[in-house]
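A closer look at the structure
Residue strings, one per chain:
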Amino acid sequence: MQLQSKLPDVSTTIFTVMSKMAQEFGAINLSQGYPDFEPDSVLTDRLMHHVRSGKNQYPPMTGIPELRQAVSGKLKKHSDIDVDFDSEITITSGATEALFCAISSVVCPGDKVIVFDPSYDSYGPAVTLAGGEMIHMPMTLPDYRIDWEMLKGYLDDSVRMIIVNSPSNPSSSVLHPDDLDLLADAIRPYKCIVLSDEVYEHIIFDGVAHASVLTHPELRSRSFAVFSFGKTYHVTGWKIGYCIAPAEMTREFRKVHQFNVFTTPTPMQWALADFLESSPQNYLELPDFYQAKRDLFRSLIGSSRFELLPCAGTYFQLADYSQISDQKDVDFAAWMTREKKVAVIPLTPFYQQAPDTRIVRFCFAKQDETLAEAAEIINAI
């Protein structure tokens, strides 16, 4: 039977490819973005408590009220943001599901969606499946800033959505309050919606506060904001996140969510609700925790032939390898994994039209011993 593919240009993600290579060649995996250390035992103890106490059947489609209330309380206490837990917060099976539902709920055939390259690779397939057209606008090197004046030239009435990602994977750049002002100014004449991917909200460095669209009244009224418990609490395999949007947009979002996964595992929701209330220091200390890892990794490979690019957020470090090789980045990443036994991610898969650069991405969400072992190899290249 012959099928006409709805995603003819999509193959296995670069994350899966490089992690498989890392396993095949016994390489230290600094490619795919997940920690090699365990979450807080208080959180996992609460999970087991709720499994054993019978919290194992379907929860409400929108997420248990206790978790949505905990999210709302966190936003009010630490960011002075008022969000209605009942009509504006939806618990999702990971941030990727939330991104898919947000795109599917508003993007129609023929609509344009603007992304800023290098951009995370899950956006494009979701837009394509919705019948939309991806418009790729490049960010400026070396700090991966968005040229807001350039954006105005991309905008017209056919643009249905703009996707922003801060802190940004893979570029490690962040948006600031003035960026939000400039974004709001650029889109004010149009009816487009903002999808803000904020899964690394707490992994931001050097004393900089996270600039969420939820803090900007004009943007908040027209934005989906997506977050990840997995990134914050070192439980990426739990695949649990949430989406916040105005009530009218949330109603459309939930129509897709209920027929996509319907809901998200019950005991994980109860465990996270408990942990948000009992252990706020966990996410409050996260910027310092990961900044220490960033600084350690940068110091460990500072004498290598890799040129380190700025890293303002996320747990990824970009590095230019021009002094080492003139290979294309996909080939260089394969060589690093196969020959040097350190797996990295090439940057060109995150572009529609990649610049002629030689840049790879390291993940430093690893134990210090793992980073030191990898650095010894990197410094010898």
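None of the values given here were measured: they were computed from a predicted structure.

**Overview of the nonpolar core**
One finds I162, F224, F306 and F362 to be the most contacted residues of the largest nonpolar core, which totals 125 residues. With near-sequence residues (within four places) excluded, F362 lies in contact with L30, F297, F306, Y315, F316, Q317, A319, M336, V342, V344 and I378.

**Some words on the sheet that holds strand β8 (residues 241-244)**
As summarised here, the arrangement of the 7 strands in space is β2-β8-β7-β6-β5-β3-β4, forming an open sheet in which the pairing is mixed. Since the sheet does not close on itself, it has two edges, and those belong to β2 (89-92) and β4 (133-138), each with one partner. The sheet shows a mean angle of 20° between the axes of neighbouring strands, taken without regard to direction. Sheet topology places β2 next to β8; 4 bridges connect them, and they run antiparallel. Each bridged residue has a counterpart across the sheet, and for T90 the counterpart in β8 is C243. Contacting β2 and β8, helix α3 (residues 65-79) crosses the sheet at an angle of about 120° to β2.

**Comments concerning the pattern of salt bridges**
Taken as a whole, this structure holds 19 salt bridges when the rule is applied. Where E218 meets R188, a salt bridge forms, and the shortest distance between an N and an O atom there is 2.7 Å. Here E218 is found in helix α9 (residues 217-220), whereas its partner R188 is found in the loop between α8 (177-187) and β6 (193-197), with 30 residues between them in sequence. Given a relative accessible area of 28%, E218 falls into the partly exposed group. The shortest N-O distance in the salt bridge between D206 and R294 comes to 3.0 Å. Of the two residues, D206 is situated in the loop between β6 and α9 and R294 in helix α14 (residues 286-300); the sequence distance between them amounts to 88 residues. Where salt bridges share partners, they join E149, K152, D185, R188 and E218 into one cluster.

**Some words on helix α16 (residues 368-379)**
Look at α16: 16 Å from first C-alpha to last across 12 residues, which is about the 16 Å you get at 1.5 Å a residue. Considered for burial, the residues of α16 that qualify are T370, L371, A374, A375 and I378. Viewed along the axis of α16, the buried residues span an arc of 130°, placing them on a single side of the element. Structural note: α16 exposes E369 and E376 on the side pointing more than 90 degrees away from its buried face. Those residues of α16 that are buried lie in contact with β1 (28-29), α14, β11 (342-343) and β13 (359-363).

About the criteria used
Residues numbered from 1 in each chain as written. Predicted model: local features only at pLDDT ≥ 70, side-chain atom pairs only at ≥ 80, totals over all residues. Heavy atoms only, no water. Core = buried A, V, L, I, M, F, W, Y, C linked by side-chain atoms within 4.5 Å. Buried < 20%, exposed > 50% of the residue type's maximum accessible area, 1.4 Å probe, protein only. Contact = heavy atoms within 4.5 Å. Pairing = 2+ DSSP bridges. Helix = DSSP H or I, 4+ residues; strand = E, 2+ residues; numbered from the N terminus. Axes fitted to C-alpha atoms, helices over the stretch in contact; angles between N-to-C directions. Salt bridge = Lys/Arg side-chain N within 4 Å of Asp/Glu carboxyl O. Expected span 1.5 Å × (residues − 1). Arc of directions from axis to C-beta.

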